[in-house]
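As a plain string of letters, each chain reads:
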Amino acid sequence: MLDVIDYHKAYGDFVAVDSLSFGVEGGQIVGLLGPNGAGKTTTMRAIAGIIPPTRGQLKVDGFEITADPVGAKKRLAYVPDDPRLFETLTVWEHLQFIATAYEVPDLDVYGQVLLEKFELTEKRDTLAQELSRGMRQKVAICCAYLHRPRLLLLDEPLTGLDPRGIRTMKQSLVEQAALGNAVVISSHLLSLVEGLCTHLLIVNRGKKLFLGSP
Ligand code: ATP
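The structure presented is a predicted model; accordingly, all values stated were derived computationally and were not measured.

Asker: Give me the lowdown on the site of the ligand, citing residues and values where you can.
Answerer: Near the ligand, the surroundings consist of Tyr11, Phe14, Ala16, Pro35, Asn36, Gly37, Ala38, Gly39, Lys40, Thr41, Thr42 and His188. Contact between the ligand and Thr41: an oxygen atom at 2.8 Å from a side-chain N or O atom of the residue. Here the ligand has 640 Å² of accessible area as a free molecule, and 61% of this is covered by the chains. Here the shell around the ligand is composed, by residue class, of 5 nonpolar, 6 polar and 1 charged.

Dropping the structure here:
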């Protein structure tokens with residue numbers, strides 16, 4: 001589902017990601033682990049097509065992100081560590097916006113299912129600017145799931161969630177993997193993602209240190 005081949009990112013002389021290669025298959029949940037500045041966000045943003053690579057190939061379900069960004073982006077969802085919402089739209093309007101952009105046919109049913117799962121039904125008509133940090137995170141996740149992406153890229157998705165929210169989030173990721181989708185989840189903390197991930201990719205200073213089972 002995801003092939004990262006010799007991905008390299010340099011800012012001037014500084015190498016943020018150094019010749020990184022790895023693959024993720026459908027059904028796998030990969031924990032991308034490493035300390036601050038390791039290159040996790042840079043890698044996720046490159047896969048999502050937000051920052052161009054200096055070198056290398058990033059393929060989502062066979063679609064290369066720079067050569068065929070539309071094909072690749074249709075198949076993925078990226079949730080940054082600081083989810084940016086449209087402050088003057090309600091929760092439901094966010095889902096309507098995504099449903100329109102991705103031509104989701106069953107917003108009324110699936111959107112409601114997602115809101116219930118993440119305990120947002122009562123906040124359906126609340127403006128984003130009136131939501132708590134954890135609720136904002138959950139809205140971003142609902143938006144990510146709505147178009148049924150084959151690849152989910154989640155940057156620190158458990159930050160800001162209460163224990164119940166963490167449990168719901170983890171369960172939902174296991175469900176995504178059971179559907180055959182691929183998940184990449186970044187974290188600083190092994191303790192937060194162990195028991196969830198089928199594989200771990202550990203990076204430091206832009207280099208791969210380890211890829212394998214927990
Ligand atoms: P954190 O856990 O703190 O979020 P990270 O593993 O996600 O860290 P990145 O955000 O990918 O790390 O950053 C990797 C390195 O690239 C860091 O040293 C960072 O300073 C550098 N970097 C990131 N973006 C830029 C940029 N636009 N210009 C220059 N250097 C950058």
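Asker: Describe the pairing of strand E3 (residues 29–33), naming the residues involved and giving the relevant values.
Answerer: Counting buried positions along E3 gives 5 out of 5 residues, so the element sits mostly inside the fold. Of the two faces of E3, the one carrying Ile29, Gly31 and Leu33 and the one carrying Val30 and Leu32 are both buried. As defined by bridge partners, E3 adjoins strand E8 (residues 182–187) across 5 bridges and the pair is classed as parallel. Paired with Val30 across the two strands is Val184, which belongs to E8. Sheet analysis places E3 next to strand E9 (residues 199–204), joined by 4 bridges and oriented parallel. By the bridge assignment, Val30 is partnered in E9 with His199.

Asker: Can you lay out the packing of helix H5 (residues 133–146) against helix H6 (residues 163–178) for me, pointing to particular residues and giving the numbers?
Answerer: It is the contact of H5 with H6, at a shortest axis distance of 12 Å, that shows an interaxial angle of 10°. As judged from the angle between their axes, H5 and H6 are roughly parallel. Note on element contacts: H6 touches H5 through Gly165, Met169, Ser172, Leu173 and Gln176, opposite Lys138, Ile141 and Tyr145.

Conventions adopted
Residues numbered from 1 in each chain as written. Predicted model: local features only at pLDDT ≥ 70, side-chain atom pairs only at ≥ 80, totals over all residues. Heavy atoms only, no water. Near = heavy atom within 4 Å. Polar contact = N/O pair within 3.5 Å; in protein donor to acceptor, adjacent residues only side chain to side chain. Areas by Shrake-Rupley, 256 points an atom, 1.4 Å probe, with all protein chains shown as cover. Nonpolar A, V, L, I, M, F, W, Y, C, P; charged D, E, K, R; others polar. Buried < 20%, exposed > 50% of the residue type's maximum accessible area, 1.4 Å probe, protein only. Helix = DSSP H or I, 4+ residues; strand = E, 2+ residues; numbered from the N terminus. Pairing = 2+ DSSP bridges. Axes fitted to C-alpha atoms, helices over the stretch in contact; angles between N-to-C directions. Parallel < 35°, antiparallel > 145°, perpendicular 65-115°, else oblique. Contact = heavy atoms within 4.5 Å.

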